[in-house]
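Report on the structure
Here's the letter readout for the chains.
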Amino acid sequence: MRYRQWKKNYKKRYGVNPPASIDKRKRRRQAARAVNVLANADLGAALNRAAESIVNGLANVMRVFGSACDGAGTAFRTAADRLQPLEIRGSVFSWEVRKYGADSYAVYEKNALGGDDELRAITYSSTAAEKIAEILRTDQLEHTRAVSPERIQRRNDAVDSLRVAVITAYESGAFEK
């Protein structure tokens, strides 16, 4: 009877039922429910799920970080190639991305000796196809650098075009003595 009277008086005084923070009976029931939940819970499965979610979260963070670094690396490599591109003297192969069907992109290996272009990869993303072509170019460059580094040379388009202009002007007779 005591509890009932205390609850009625509280409600009369404040206009609401007593909160769980001061109601001892509600706190005991909540504690008993928590004990039942813990007793019936499978801690091994819960730990496995927690570990799996942590691993998945870390993998996603690593993928995002890898994509960002990959994008930055591509941007820097492109800038370096525009400033002073590297080429392999006597290189026969190059790679090109073309549309393949309605919604696919293909990476073709082009043969400079007049052979047929050879299909190397098909993907749905043009970005992925460009990345595959870039990886193939880089792999060929690294292989040549390891096997015969004397074939690697820096291409300087500005100097080459100036040299062609001077030769053309000389041959046309602009420099007469």
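Within each chain, residues carry numbers counting from 1 in the order of the written sequence. With the structure being a predicted model, the display of local features is reserved for residues of pLDDT at least 70 and the display and counting of side-chain atom pairs for 80 or more, all residues being used for whole-chain, interface and lining totals. Values shown for side chains rest on all heavy atoms present in the structure; no hydrogens or waters enter the calculation.

**Quick word on the pairing of strand 3 (residues 104–111)**
- For two strands to be treated as a pair, DSSP must find at least two bridges joining them. A run of H or I in DSSP becomes a helix once it reaches four residues, and a run of E becomes a strand once it reaches two; helices and strands are each numbered from the N terminus. Examined bridge by bridge, strand 2 (residues 93–100) and strand 3 share eight bridges and lie antiparallel to one another. Looking at strand 3, one finds that Trp95 is bridged to Glu109.
- Once strand 2 ends, the chain turns through three residues before running back antiparallel as strand 3, passing Gly101 with a positive phi of about 75°.

**A few points about the confidence of the model for the chain**
- Confidence along the chain averages 82 in pLDDT terms, with 85% of residues attaining 70 or more.
- Residue-level confidence of the predictor, termed pLDDT, takes values from 0 up to 100. When the elements of the chain are averaged for pLDDT, strand 1 (residues 86–88) gives the smallest value, 62, and helix 1 (residues 2–14) the largest, 92.

**A few points about the sheet that holds strand 2**
- The sheet built from three strands is open, its strands ordered 2-3-4 with antiparallel pairing. Of all strands in the sheet, those bounded by a partner on one side alone are strand 2 and strand 4 (118–123). Across the sheet, the axes of successive neighbouring strands diverge by a mean angle of 25°, strand direction being ignored.
- Pairing geometry for strand 3 and strand 4, over five bridges, is antiparallel. Bridging from a neighbouring strand, Ala106 pairs with Ile122 of strand 4.
- Relative to strand 2, helix 4 (residues 126–147) is tilted by about 170°, and along the sheet it contacts strand 2, strand 3 and strand 4. Lines fitted to C-alpha atoms define the axes, with helix axes restricted to the stretch in contact, and inter-axis angles between N-to-C directions lie between 0 and 180 degrees. Should any heavy atoms of two residues lie within 4.5 Å, those residues are counted as being in contact.

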